[in-house]
Amino acid sequence: MFNSKKEVNFYKLIWIFMIGSVLGYAVEMIWCFIRNGYFESRQGLLYGPFSPVYGIGCVLCTIFLCKIAKWDGFIIFLISAVLGGFFEYTCSWVQQNMVGTISWDYTSKVLSINGRTNIEYCVFWGILGLFFIKEIYPLFNKIIDHFSNKTIKIWTYIFIIIMVPNIILSALAVRREVARINHVKANNAIDKFLDEHYPNSYLKKVYPNMIFPKQKNK
């Protein structure tokens, strides 16, 4: 099931998502320190060192690039750049329409595309995609082949049990924050729970760069 010679499967993708989420979080933290000189929260969920955007990005790289891994590196780079840019744009649009916030705004960047992505970050995605499919994914296959199918299945479901509630709670907390900003009172038990345990001050520490589009220009 997990032999690197076999096709990509559900269990592999869950592991890739988890590993990509953690590595993405680490990359963001390091990049923040290099650029700003200090560490700042870059987690994408309420709990744990996870950045799901990178996790999903790694899953997409695996699905779309796995079969062309032996192609010329420049071609893979171009495909990764386009795929990454489209993915980043889509993530921003979905986040804004589902919870009312965005996590990045590239409006001031050169060659920005509606502030949701730009050419600079497309290049970044291209490099990441090329490095992932040429180096990270083969290494991942070698490591995972050492685990038994039973071990892989058990840990996969543990990951799912941990991540699904975390993702749902994170989305609800941010959505409720937007509602509070718009002066919408808590009218049910869930809203009251979120107000008590995840107030704006708490979420500001977790998501210091969260942007509320309607307030961007205020």
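Preceding block: the structure.
Quantities reported herein were computed from a predicted structural model and do not represent experimental measurements.

## Points about the packing of aromatic side chains
As enumerated under the stated definition, the model contains 16 aromatic pairs in all. Aromatic pair Phe-10 and Tyr-11: ring centres 5.4 Å apart, planes at 75 degrees, arrangement edge-to-face. Look at Tyr-11 and you get buried, because its relative accessible area is 15%. Ring centres of Tyr-47 and Tyr-198 lie 6.4 Å apart, and the angle between their planes is 75 degrees; on these two criteria the pair is classed as edge-to-face. You can see Tyr-47 sitting in the loop between helix H1 (10-36) and helix H2 (52-65) and its partner Tyr-198 sitting in the loop between helix H6 (189-197) and helix H7 (200-206), a full 151 residues away along the chain. Given a relative accessible area of 41%, Tyr-47 falls into the partly exposed group. Judged by relative accessible area, Tyr-198 falls into the buried class, the value being 5%. An aromatic cluster is defined as three or more aromatic residues linked by ring pairs; in this entry it consists of Trp-15, Phe-147, Trp-155 and Phe-159. Above the plane of the ring of Tyr-89 lies Arg-116, whose end atom (NZ or CZ) is 5.7 Å from the centre.

## Brief notes about empty space enclosed by the protein
Counted under the stated rule, the structure contains one cavity of 30 Å³ or more. Estimates place the volume of the largest cavity at around 50 Å³. Along its surface, the largest cavity is lined by Gly-57, Leu-60, Cys-61, Ser-80, Leu-83, Gly-84, Phe-87 and Trp-125. Mapped onto the lining of the largest cavity, the elements with two or more residues apiece are H2 and helix H3 (73-99). Examining the composition of the lining of the largest cavity, we find that four residues originate from one element, H3, more than from any other. Considering only residue class, the lining of the largest cavity consists of five nonpolar, three polar and no charged.

## Some details on the side chain of Arg-180
Locating Arg-180 in the fold gives a position in helix H5 (residues 149-181). With near-sequence residues (within four places) excluded, Arg-180 lies in contact with Leu-194, Asp-195, Tyr-198, Pro-199, Asn-200 and Leu-203.

## What to know about the layout of surface pockets
In this structure, the largest pocket encloses a volume near 1,400 Å³. What lines the largest pocket is a set of 43 residues, and nearest its centre among them are Ser-51, Val-53, Gln-95, Ser-103 and Trp-104. Among the residues forming the lining of the largest pocket, the class breakdown is 27 nonpolar, nine polar and seven charged. Around the second largest pocket, the lining comprises 23 residues; the ones closest to its centre are Gly-20, Leu-23, Cys-58, Phe-132 and Ile-136. Listed by contribution, the elements that provide at least two residues to the lining of the second largest pocket are H1, H2 and helix H4 (119-144). Take the lining of the second largest pocket: its biggest share by element is eleven residues, from H4. Grouping the amino acids of the lining of the second largest pocket by side-chain chemistry returns 19 nonpolar, four polar and no charged.

The rules behind these values
Residues numbered from 1 in each chain as written. Predicted model: local features only at pLDDT ≥ 70, side-chain atom pairs only at ≥ 80, totals over all residues. Heavy atoms only, no water. Phe/Tyr/Trp six-rings, centres within 6.5 Å; stacked < 30°, edge-to-face > 60°. Buried < 20%, exposed > 50% of the residue type's maximum accessible area, 1.4 Å probe, protein only. Helix = DSSP H or I, 4+ residues; strand = E, 2+ residues; numbered from the N terminus. Lys NZ or Arg CZ within 6 Å of the ring centre and 35° of its normal. 1 Å grid on protein atoms, 1.4 Å probe; cavity = no way out; pocket = protein on both sides within 12 Å on 5 of 7 lines; lining within 4 Å. Points joined across faces, edges and corners; volume = space filled by probe spheres on them. Nonpolar A, V, L, I, M, F, W, Y, C, P; charged D, E, K, R; others polar. Contact = heavy atoms within 4.5 Å.

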